[in-house]
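Overview (structure and organization)
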Amino acid sequence: MKKHYILTAVAALALSFGSCSDFLERDPDQILTEDQVFGDANMIKSVLANYYGRVRWGQNTEDSYSYILLDEACRSDGGPDNTQTFSDTQWRVYDYGLIRNINQFLAGVRAAKVLDKDVQLSIEGEARFLRAWTYFNMCRGMGGMPIVGDEVFEYKAGMDITAMQYPRSTEAELYDYIIKECTEIAPLLPEAPSINGARATKWAALMLKARAALYAGSIANYNNKMVNPIKTAGGEVGIPADKAKGYYETALSTAKEVIASGKYQLQNAKPNDKGKNFYEAVCVKENNKEVIWARDYKYPGQTVEFTKLNIPATHAEDIDRCMYSPILNLVEAFEYVDNREGGIKTKDAQGNYIFYNKPEDAFANKDARLYGSIIYPGAPFRGMPVPLQAGRKSLENGVWVSETAKGGTTDAQGNVITSFNGPTTTNEQFINKSGFFFRKFLDETPMSSTRGRNSDMWFPRFRFAEAVTIAAEASFELNKQADAVTYINMVRERAGIQPLTVVTFDDIVQENRVEFAFEDHRYWDLKRWRIADKVWNGIPNDPNAQQYALFPYVINEPGNPNNGKWVFDKQPVHMAPYPRYFQPKHYYNFIDQGWINNNPKLVKNPYQ
């Protein structure tokens, strides 16, 4: 019997594979036979493009809301965010439908007569890479899951489905499978970087291998150091401690291979403007030397709304703006050049305000990655300053008191009371609530914040910087302190901050947080290190678990030497009244009862 494929075109991705216009003009849900698909080279590539479009998991710019769940951003529009804990299914991936489709595709590609042998092997490598990426996303959320290999099951009504019911693998077995797959497919894939990082290369496969090995090593290491390690009797969750060293060695050697390849680099095209340089290294596709694999977008055809939803009101090009915004917790994670603490200096030791000539002066001499990631008060976007002013302060009986108003309000003389951007503590629509805006992934292209156009800003999944931080972390865990120092200082040097002479675990946590903010790393990092429940502990007003804002005020006290200067108040984000609360049960997603009903061999995860 002929197998059939229901193909949904992903226009922008398919275009990157060559001339696929005929395919893109088809009805998106047209049923095609094997012969139609695998008898046409362009059709084969279009189907592969479809699979690239289906791997959209975790925190990403297609879902701005996802950024407020952690300690990175808060809601700035609508009512308060009443999140009190994490979901049992947070970013859970269970996509055996995609794995089955890829396995069908692999069988067809291997038998196809219309492809050059090298192209055939490369396409096989890409499909297997996407399959390994799918397994990785399942594993990091749920632990070991069934590995079906290349098997394609064909079901007929009434048949015995016992053979289709695979048990869960151990967590170690699934990570081993991902690592083995990446090892095998790397030689099949191109060595040259792909256009806009849209297609997998040898280096993308090696990055997935290195990341999987690092995650496995972390779990083998840190899970077993917990007072109550999280495990299942069959090893579906939990990795033996004695496997940690081998995984770290694999992560280190693989990361070093990427670093030594010379195909990518820590982009430093603007060494005299390190903040702008970092933004461009992450966000600008043209002549990019850093991004290895990305979820690409293309205008017209396929775009993303992140810029439209998050652009400052003063810079908006349509009615949408200011939906979500970064928080002070993240801002203060970025060090000063001469102070590793990173806290914004708002008051002196006696509790008196520190006065700044300009609001942006409070952020001077910060890690350049702050500028590249976050728009702080007074910083520019698209060549124009972004005003953020919560209100004014004046003296009453020797005490500074605040005057605030609706966003965009001025006094009789035309002086701003509260900026059009805010921040405010009201539920006013389209007004900032934290004192900061995103810069990373905010598109500088004109009209990219309009409904008619949107943005084609990409979303990097692997950057060269991650190869460096993996090498640093693996070296640290293997007690290779000198190597860890060398690697970690590579990213610190680009950021313009002081080099380290010794690397600690806290340094590893710090560098990952600031280097990869908003890039879908933070949540998984804290989980694999088994510190998520300690950082997001649910304690009110805890400096990590509670979300904080920074409100700038201008001094309105004529005759006072500080008149016209700026001060700041730190305060909890009123839009997020509850501290983030990560419980031990959240280290692994729950296994859905419906899956168990279909496959009784699946066992539940701990705490279910």
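Above this note sits the structure.
This text gives an overview of the structure that appears in the document. Just so it is clear, the structure is predicted and the values come from calculations on it, not from any experiment.

The rules behind each value
- Residues numbered from 1 in each chain as written.
- Predicted model: local features only at pLDDT ≥ 70, side-chain atom pairs only at ≥ 80, totals over all residues.
- Heavy atoms only, no water.
- Helix = DSSP H or I, 4+ residues; strand = E, 2+ residues; numbered from the N terminus.
- Rg over C-alpha atoms; globule rule 2.2 N^0.38 Å.
- Buried < 20%, exposed > 50% of the residue type's maximum accessible area, 1.4 Å probe, protein only.
- Salt bridge = Lys/Arg side-chain N within 4 Å of Asp/Glu carboxyl O.
- Axes fitted to C-alpha atoms, helices over the stretch in contact; angles between N-to-C directions.
- Parallel < 35°, antiparallel > 145°, perpendicular 65-115°, else oblique.
- Contact = heavy atoms within 4.5 Å.
- Nonpolar A, V, L, I, M, F, W, Y, C, P; charged D, E, K, R; others polar.
- Polar contact = N/O pair within 3.5 Å; in protein donor to acceptor, adjacent residues only side chain to side chain.
- Pairing = 2+ DSSP bridges.
- Expected span 1.5 Å × (residues − 1).
- Bend = angle between axes of the 7 residues up to and from the residue.
- Core = buried A, V, L, I, M, F, W, Y, C linked by side-chain atoms within 4.5 Å.
- Phe/Tyr/Trp six-rings, centres within 6.5 Å; stacked < 30°, edge-to-face > 60°.
- Lys NZ or Arg CZ within 6 Å of the ring centre and 35° of its normal.

Looking now at the overall build of the protein. Of regular secondary structure, the protein possesses 19 helices and 16 strands. Taken against the 2.2 N^0.38 rule, which gives 25 Å for 608 residues, the C-alpha radius of gyration of the protein at 26 Å falls within 12% of a compact globule. In terms of overall dimensions, the protein has C-alpha extents of about 90 × 55 × 50 Å along its principal axes. Out of the 608 residues belonging to the protein, those deemed buried represent 59%.

With the rule as written, the count across this model stands at 47 salt bridges. Arginine 295 is paired through a salt bridge with glutamate 62; the nearest N and O atoms lie 3.7 Å apart. You can see arginine 295 sitting in strand E4 (residues 291-295) and its partner glutamate 62 sitting in the loop between helix H4 (41-54) and strand E3 (73-75), a full 233 residues away along the chain. For arginine 295, a relative accessible area of 3% gives the class buried. Residue classification places glutamate 62 among the partly exposed positions, given a relative accessible area of 37%.

A separate point is the packing of helix H10 (residues 274-283) against helix H15 (residues 481-495). When two helices pack together, their arrangement is given by the angle between the helix axes and by the axis-to-axis distance. Relative to each other, H10 and H15 sit at 120 degrees, their axes nearing to 8 Å. Considering their axes alone, H10 and H15 lie oblique with respect to each other. Contacts between H10 and H15 involve Lys274, Asn277, Phe278 and Ala281 from the first element and Glu493, Arg494 and Ala495 from the second. Among the residues forming the contact of H10 with H15, the class breakdown is 3 nonpolar, 1 polar and 3 charged.

The next point concerns the side chain of asparagine 329. Mapped onto the secondary structure, asparagine 329 falls in helix H12 (residues 328-331). For asparagine 329, the side chain forms a polar contact with the main-chain oxygen of proline 543, separated by 3.3 Å. In this structure the side chain of asparagine 329 is engaged in a polar contact, spanning 2.7 Å, whose partner is the backbone oxygen of glutamine 546. Residue contacts for asparagine 329: discarding those within four places in its chain leaves Asp71, Arg513, Pro543, Asn544, Gln546, Gln547 and Tyr548.

Here we take up the sheet that holds strand E9 (residues 391-396). An order of E10-E9-E15-E16 is seen for the 4 strands of this open sheet, with the pairing classed as mixed. Here the strands that pair on one side only, and so sit at the sheet edges, are strand E10 (399-403) and strand E16 (566-572). On average, each strand axis in the sheet is tilted by 40 degrees relative to the strand beside it, whichever way the strands run. Where E9 and E10 come together, 5 bridges link them in antiparallel fashion.

Right, let's get into H15. For H15, which comprises 15 residues, the first-to-last C-alpha distance of 21 Å matches the rise-based estimate of 21 Å (1.5 Å per residue) to within 8%. Residue asparagine 489 marks the point of greatest curvature in H15, where the axis turns by about 30 degrees.

Moving on, we come to the nonpolar core. Formed by 165 residues in total, the largest nonpolar core has its most connected members in Phe105, Phe129, Tyr175, Ile178 and Phe363. Sort the elements by how many residues they give to this core and helix H8 (residues 202-222) lands first, with 15 residues. Apart from residues no more than four positions distant in its own chain, phenylalanine 363 is found in contact with Val331, Ile344, Leu370, Tyr376, Pro377, Phe436, Leu550 and Phe568. Ile327, Ala390, Ile555 and Val567 belong to the second-largest nonpolar core, a separate cluster that totals 12 residues.

The final tally for this structure, using the stated rule, is 38 aromatic pairs. Judged by centre distance (6.0 Å) and plane angle (45 degrees), the ring pair of phenylalanine 38 and phenylalanine 105 falls under tilted. Here phenylalanine 38, found in helix H3 (residues 34-38), pairs with phenylalanine 105, found in helix H5 (residues 96-111); they are 67 residues apart in sequence, far enough to count as distant. Relative accessible area serves as the criterion here: at 1%, phenylalanine 105 is assigned to the buried category. Between phenylalanine 582 and tyrosine 587, the aromatic rings sit 4.8 Å apart at their centres with planes inclined by 70 degrees, giving edge-to-face as the arrangement. Tyrosine 587 carries the same exposure label as phenylalanine 582, and that label is buried. Through successive ring pairs, a cluster of aromatic residues spans Phe86, Trp91, Tyr523, Trp524, Trp536, Phe582 and Tyr587. Lying over the aromatic face of tyrosine 299, arginine 453 brings its terminal NZ or CZ to 4.3 Å of the ring centre.

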